[in-house]
Amino acid sequence: MHNHFVENHPDLQVGYNSYRKRVVARSISFARLGVEECEQCMAFKLHEHSQPEQNPNCDPCTIQLQHKTNYTSSRIHYKKGAEEDPEEGTTIYVAEDMQKVIMLPSMPGVKSFVFVNRLVAYHETFAPLGDQHKKKYPKQVMSILWHEGISGRSAADVTSAFIKAISMMAEDAKDIVIWCDNCAAQNKNWTLYTSIARFMNSSADIVPQTVALKYLKTGHTFMLADSFHGQVETNMHRKKNVFNFHDFVSVIQACGGSPKTVKMQPQDFTEWDKQ
């Protein structure tokens, strides 16, 4: 980044340390990209043709070309939502994802903790798209949190987290656009769809006008929610010992951007079905 800055601003004499201090002062953090690999793209690398565009009569090349068109198109629409800056109270664009299961306590330096019963914690993230520092009406990351002592992570449980997040986002926006990955068990199933429809037609005090669920192509689903999860994992490493659910919540609250943490209660969960 410093080299790029120097190349684009040759008239400015800015050393590496000065540049680094400015980056830190602006609360810019870095996260390693996800390790997700697209199985279809990996399989195509073994194919004899490296340029699918040049082989229109080859079936594997045709399939790969369509796959590339699909994931490129979805990424373009995702970036378009990130670049928009809607007026307050109109539309909100977020990326949704569930962090990998967290086992508590987390005490890497203590061997005996491996042999004790541990609590499973769940973290459903709704991260606003785009650089919020550049937005006229910035939004906060919303972290929906619960643990197995309250409920699990079935389709109905995840749907309850969605409904909770949607009802809270509806306080600030009439239209909600949620970008998801292609995990059928969590966010691409009839339980979720029919439950959102029921909520939209319910007598709840605050209901959005529209809710749109959009999906990135399988294997190409890295989103801002994943970046936020990277921050959470970094904070857990820094804290080192995360003893309980309360500590885990404090780790998330310490992330950049002052995320809004919502701790689900038993009454927030509903036995949604797909009928």
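Residues numbered from 1 in each chain as written. Predicted model: local features only at pLDDT ≥ 70, side-chain atom pairs only at ≥ 80, totals over all residues. Heavy atoms only, no water.

Novice: Would you explain the packing of aromatic side chains in this entry?
Specialist: Think of a pair of aromatic rings as described by two things: how far the centres are apart, and how the planes are tilted against each other in angle. By the definition in use, this model includes six aromatic pairs. Relative to Phe162, the ring of Phe126 has its centre 5.4 Å away and its plane inclined at 85 degrees; by these criteria the two rings are edge-to-face. Here Phe162 lies in helix H5 (residues 155-169) and Phe126 lies in strand E3 (residues 119-128), a separation of 36 residues in the sequence. Clustering of aromatic rings is evident, with ring pairs tying together Tyr122, Trp146 and Phe269. Sitting above the plane of the Tyr78 ring, Arg75 keeps its charged end 5.1 Å from the centroid. Above the plane of the ring of Tyr215 lies Lys188, whose end atom (NZ or CZ) is 5.0 Å from the centre. (Phe/Tyr/Trp six-rings, centres within 6.5 Å; stacked < 30°, edge-to-face > 60°. Helix = DSSP H or I, 4+ residues; strand = E, 2+ residues; numbered from the N terminus. Lys NZ or Arg CZ within 6 Å of the ring centre and 35° of its normal.)

Novice: What's the story with the pairing of strand E4 (residues 142-147) in this structure? I'm lost.
Specialist: On a regular strand, one side chain projects to one face of the sheet and the next to the other, so that they alternate. Within E4, six of the six residues are buried, which leaves the element mostly enclosed by the surrounding structure. Burial of E4 is two-sided: the residues Met142, Ile144 and Trp146 facing one way and the residues Ser143, Leu145 and His147 facing the other way are all buried. As paired elements, E4 and strand E7 (residues 260-263) share four bridges and run parallel to each other. The partner of Ile144 across the bridge, within E7, is Val262. (Buried < 20%, exposed > 50% of the residue type's maximum accessible area, 1.4 Å probe, protein only. Pairing = 2+ DSSP bridges.)

Novice: Help me understand the side chain of Gln64, please; the structure alone is not making it clear to me.
Specialist: As for its position among the elements, Gln64 is in helix H4 (residues 59-83). Apart from residues lying up to four places away in sequence, Gln64 is in contact with Gln40, Cys41, Phe44 and Pro52. (Contact = heavy atoms within 4.5 Å.)

Novice: It is not clear to me how the packing of H5 against helix H7 (residues 190-200) should be interpreted in this structure. Could you clarify?
Specialist: Contact geometry of H5 with H7 gives a least axis separation of 10 Å together with a crossing angle of 35 degrees. Between H5 and H7 lies a crossing whose hand is right-handed. Of the residues in H7, those in contact with Ala155, Ala156, Thr159, Phe162, Ile163, Ile166 and Ser167 of H5 are Thr191, Leu192, Ser195, Ile196 and Phe199. Partitioned by chemical class, the residues of the contact of H5 with H7 number eight nonpolar, four polar and no charged. (Axes fitted to C-alpha atoms, helices over the stretch in contact; angles between N-to-C directions. Left-handed = near helix turned anticlockwise from the far one by under 90°. Nonpolar A, V, L, I, M, F, W, Y, C, P; charged D, E, K, R; others polar.)

Everything listed here is a matter of coordinates, which is why it stays silent on function.
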